[in-house]
Amino acid sequence: MAPRVRFAPSPTGYLHVGGARTALFNWLYAHRHGGTFVLRIEDTDVERSSQDMVTGILDGMRWLGLTWDEGPEIGGRHAPYFQSERLERYRAAADRLLKDGHAYFCYCTSDRLRDERERAEARGEAWQYDRACLSLSADRTRELDAAGAPKAIRFKVPASGAAFDDAVHGPIAFDGASIEDFVILRSDLYPTYHLSVVVDDTDMGITDVIRGDDHISNTPKHVLLFQALGASVPRFAHVPLILGADKKRLSKRHGATSVMEYQRQGYLAPAVVNFLALLGWSPGDERGLMTTQELIDSFALKRISAGNPVFHTEKLDWMNGQYIVRMPIEDLAAAARPFFSDAGLGAHPLVAEPRAFHRLLELLRPRAKRLTEFVEQARPLLTEDVSYEQEAVDKHLASPDLAGHITALVETLSAATPFDEAQVEAAVRGTASARGLKAGALIHATRVAVTGRTQSPGLFEVLTWLGPERTRARPR
Ligand code: GLU
């Protein structure tokens, strides 16, 4: 049977790196096995969910190319795909569990529950629900109902507990005593996550649940619910959480966590996909750079490592640089152009004209790790208003003799014909030796004088690009 998997984000935040990787693993698994990838929005927490976040999540998924087969905007056989539109389903399931004796009403107030918990904590003990309402008499129940007391529905956890065989972590078992009788429907008739996720996974025919391993402790509750509802229990694969370089759970402290922030910072979607796929999964060989098709062809849950992967930004930068160097120039131009437009350089003739723009990108791409760097590096090549990095000036233009050296170079350059890389190089090297300088020193100084910075494409390429007039006008 072809698998049906789902990504089920709660729209209480943007699509973050961890969520994107979970979505990607689901997507790869579905594509590997000719299955279906469902996107379901878990928005039962009305106060914390927002339409903006839903839009942000969909944008992030689309940017990465993680298209869904059923879900928001496209619908599908099991619509709706927003939990807020499925509340009746959860209420019906809770009723059924009540009728079948798998659940019971709980009238305990949150004050009572809090007091009990605090008392237990003061004794240094963990507290779990004491089943106070499991054996309420019919009279007492009638009394409470007559008084309009709010009531939740709790699941009656069987003593046998629950076990499952996790595709990543192996067999996992929880005994019944360690699982409390958890709430499935709150007194306001909203479901808890446990109930809604199980009802939906059942309704939507989900065969494999691939999600973050922060959910492992929830899974026994879900297994019990599937069983009590007479549904088949899906296979589970709990994916280890991503850590920052300091081995702490990845968070904003480590830099960007929202996927769309990576787009803004100039990363390419296929590079991010490649990088995320290798966070905790490996094809079983040494391959690092893999196309999306190669990822699909080699994806297997059993190759997900049970240890926590570490997010190394340098590796992502390296990978992005590799994609930049290798991608067809037309694709690179399409990806880079918006960054030039945002920087107010979109109408510059050397950007607007495709052949010139390609030439500019070819000049810059061997060094670029991110698309934003193209703009930074291109600015001194495109406009005359060069801004000088103070550090670069201090380091390379401080020597009082330099003005003379550079004037000499400009003179030699005016005789360079044709004004190509070979002639420019000969002029620079000739000037350096004539003035008793190391070529490197003159190259560094000229680079700063011309571009304002210590990093640029090769100086001879830069001067050739600028041409004789602009080169001559440049050094200050
Ligand atoms: N809405 C849950 C979350 O965002 C989904 C967990 C699951 O995949 O079951 O964590």
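Use the structure listed above.
Residues numbered from 1 in each chain as written. Predicted model: local features only at pLDDT ≥ 70, side-chain atom pairs only at ≥ 80, totals over all residues. Heavy atoms only, no water.

(A) Quick peek at the packing of helix H14 (residues 354-364) against helix H15 (residues 371-382). Interaxial distance between H14 and H15 falls to 10 Å at its minimum, and their mutual angle equals 115°. Where H14 crosses over H15, the handedness of that crossing is right-handed. Contacts from Leu-360, Leu-361, Leu-363 and Leu-364 of H14 reach H15 at Phe-374, Gln-377, Ala-378, Leu-381 and Leu-382. When grouped by side-chain class, the residues that make up the contact of H14 with H15 number eight nonpolar, one polar and no charged. (Axes fitted to C-alpha atoms, helices over the stretch in contact; angles between N-to-C directions. Helix = DSSP H or I, 4+ residues; strand = E, 2+ residues; numbered from the N terminus. Left-handed = near helix turned anticlockwise from the far one by under 90°. Contact = heavy atoms within 4.5 Å. Nonpolar A, V, L, I, M, F, W, Y, C, P; charged D, E, K, R; others polar.)

(B) Highlighting helix H4 (residues 110-122). Look at H4: 18 Å from first C-alpha to last across 13 residues, which is about the 18 Å you get at 1.5 Å a residue. Just past H4, the residue Gly-124 takes up positive phi, approximately 75°. (Expected span 1.5 Å × (residues − 1).)

(C) Fine view of the packing of aromatic side chains. All chains considered together, the criterion is met by nine aromatic pairs. Connected via pairs of aromatic rings, a cluster forms that spans Tyr-262, Tyr-267, Phe-275 and Phe-311. Over the face of the ring belonging to Tyr-190 we find Arg-91, whose NZ or CZ atom lies 5.9 Å from the ring centre. In this structure, Arg-154 packs its charged tip against the face of Tyr-129, placed 3.6 Å from the ring centre. (Phe/Tyr/Trp six-rings, centres within 6.5 Å; stacked < 30°, edge-to-face > 60°. Lys NZ or Arg CZ within 6 Å of the ring centre and 35° of its normal.)

(D) Looking closely at the site of the ligand. Around the ligand, the surrounding shell consists of Arg-6, Ala-8, Ser-10, Glu-42, Tyr-193, Val-197, Arg-211 and His-215. A distance of 2.8 Å is found between an oxygen atom of the ligand and a side-chain nitrogen or oxygen belonging to Tyr-193. At 2.9 Å from an oxygen atom of the ligand is found a side-chain nitrogen or oxygen belonging to His-215. Its residues assigned to classes, the shell around the ligand comprises three nonpolar, two polar and three charged. (Near = heavy atom within 4 Å. Polar contact = N/O pair within 3.5 Å; in protein donor to acceptor, adjacent residues only side chain to side chain.)

(E) How the structure looks around the packing of helix H12 (residues 329-342) against H15. Running from amino to carboxyl end, H12 crosses H15 at an angle of 70°, the nearest separation of the two axes being 9 Å. Here H12 lies roughly perpendicular to H15, going by the angle between them. H12 and H15 meet at a crossing whose hand is right-handed. Within the contact between the two elements, H12 uses Leu-332, Ala-335, Ala-336, Phe-339 and Phe-340 and H15 uses Leu-371, Thr-372, Phe-374, Val-375, Ala-378 and Leu-382. Its residues assigned to classes, the contact of H12 with H15 comprises 10 nonpolar, one polar and no charged. (Parallel < 35°, antiparallel > 145°, perpendicular 65-115°, else oblique.)

(F) Representation of the sheet that holds strand S4 (residues 152-155). Strands sit in the order S3-S4-S7 across an open sheet of three strands; the sheet is antiparallel. A strand with exactly one partner marks an edge of an open sheet, and here the two such strands are strand S3 (103-106) and strand S7 (183-185). Averaged over all pairs of adjacent strands, the angle between their axes in this sheet comes to 45°, without regard to strand direction. When S4 meets S7, the two strands line up antiparallel, connected through two bridges. Paired with Ile-153 across the two strands is Leu-185, which belongs to S7. (Pairing = 2+ DSSP bridges.)

(G) Examining the nonpolar core more closely. Met-61 and Phe-340 are the most contacted members of the largest nonpolar core, which has 95 residues in total. For this core, the leading source of residues is helix H1 (residues 17-32), giving nine residues. Ignoring any residue separated from it by four or fewer positions in sequence, one finds Phe-340 in contact with Leu-345, Gly-346, Val-351, Phe-357, Leu-360, Leu-361, Phe-374, Val-375, Ala-378 and Leu-382. If you look at the next biggest cluster of nonpolar residues, it comprises 35 residues, including Tyr-90, Leu-98, Ile-153 and Ala-162. (Core = buried A, V, L, I, M, F, W, Y, C linked by side-chain atoms within 4.5 Å. Buried < 20%, exposed > 50% of the residue type's maximum accessible area, 1.4 Å probe, protein only.)

The values reported here are purely geometric and, on their own, carry no functional implication.
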